[in-house]
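# Structural overview for review
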Amino acid sequence: MDSGLLGKERLENNGLRNDDRGRNTTTRRELILLPQGCMVVDTPGMREFGMWDHTSGINQAFAEIDELAAQCRFRDCTHSSKPGCAVRRALESGELSWEWWLSYQKLRMESAFLDDKEGYLAAKERREKEISKLIKQLPVKK
């Protein structure tokens, strides 16, 4: 298991394949309690996580983004192109990392799916286009 979750290496990892996807090394089920109070189930064949209590969890984990959004000039700010956007200003200044912002966007999309499965696909397509535009604006690392 990733040291980022536990603070130490715990489970075996076989590295990545040529397509940057992991190789399954799990041979038995295991429930792991994380220091943050969360639990992770490691089981053969598990490919994704689900969220419980997603709305309050996202708000707690990304509280600084909600605080920035409250400072935007317009109440309906999409944080992509409207003038006076505090989130965009924080992204451009480096106060808010692009990786953190994209994680927030992804979790918001998953949360929307849990709340409204019918409208999810249309919203997902719109959001993916917006994220693609943001990614193209990322500074290139040398």
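Here, every reference points to the structure presented above.
From a predicted model like this one, the values you see are computed outputs, not experimental measurements. (Residues numbered from 1 in each chain as written. Predicted model: local features only at pLDDT ≥ 70, side-chain atom pairs only at ≥ 80, totals over all residues. Heavy atoms only, no water.)

## Points about the overall build of the chain
- Check the secondary structure of the chain and you find 6 helices and 2 strands.
- Traced from its N-terminal end to its C-terminal end, the chain shows the element sequence α-β-β-α-α-α-α-α.
- Burial analysis of the chain (142 residues in total) assigns 25% to the buried set.
- Looking at the chain as shown, the accessible area adds up to about 10900 Å², and 50% of this sits on carbon and sulfur atoms. (Helix = DSSP H or I, 4+ residues; strand = E, 2+ residues; numbered from the N terminus. Buried < 20%, exposed > 50% of the residue type's maximum accessible area, 1.4 Å probe, protein only. Areas by Shrake-Rupley, 256 points an atom, 1.4 Å probe, with all protein chains shown as cover.)

## Overview of the packing of aromatic side chains
- Under the criterion given, the structure shown has 3 aromatic pairs.
- Look at Phe 62 and Trp 100: their rings are 4.5 Å apart centre to centre, the planes differ by 40 degrees, and that puts the pair in the tilted class. Placement of Phe 62 in the loop between α2 (54-61) and α3 (63-69) and of Trp 100 in helix α5 (residues 98-115) is noted, with a sequence separation of 38 residues between them.
- Taking relative accessible area as the criterion, Phe 62 reaches 4% and is therefore assigned buried.
- The class for Trp 100 is partly exposed, based on a relative accessible area of 34%.
- Consider the rings of Trp 101 and Tyr 104, whose centres lie 5.5 Å apart with planes at 25 degrees: the pair is stacked. (Phe/Tyr/Trp six-rings, centres within 6.5 Å; stacked < 30°, edge-to-face > 60°.)

## Some details on the side chain of Glu 130
- Along the polypeptide, Glu 130 turns up in helix α6 (residues 117-136).
- Under the relative-accessibility criterion, Glu 130 is labelled buried at 17%.
- Side chain to side chain, Glu 130 and Arg 127 meet in a polar contact 2.7 Å long.
- The contact partners of Glu 130, leaving out residues within four places of it in the chain, are Thr 78 and Ser 80. (Polar contact = N/O pair within 3.5 Å; in protein donor to acceptor, adjacent residues only side chain to side chain. Contact = heavy atoms within 4.5 Å.)

## Concerning the environment of Arg 75
- Tracing the backbone through its elements, the reader meets Arg 75 in the loop between α3 and α4 (86-93).
- Owing to a relative accessible area of 88%, Arg 75 belongs among the exposed residues under this scheme.
- Along the sequence, Arg 75 and Cys 85 sit 10 residues apart, while their C-alpha atoms lie 9.9 Å from each other.

## Section: the pairing of strand β1 (residues 30-33)
- Across the two faces of β1 the burial differs, with Glu 30 and Ile 32 buried and Leu 31 and Leu 33 not buried at all.
- Between β1 and strand β2 (residues 39-42), which pair antiparallel one after the other, the connecting turn spans 5 residues, and Gly 37 there sits at a positive phi close to 95 degrees. (Pairing = 2+ DSSP bridges.)

## Some details on the nonpolar core
- Core analysis: the largest hydrophobic core is formed by 18 residues, its most contacted members being Ile 65, Cys 72, Val 87, Leu 91, Leu 96, Trp 101 and Tyr 104.
- Secondary-structure elements contributing two or more residues to this core are α3, α4, α5 and α6.
- Once residues within four sequence positions are removed from consideration, Trp 101 is found in contact with Ile 65, His 79, Val 87, Leu 91, Leu 96 and Leu 134. (Core = buried A, V, L, I, M, F, W, Y, C linked by side-chain atoms within 4.5 Å.)

Honestly, that's just the spatial picture; any functional story needs more than this.
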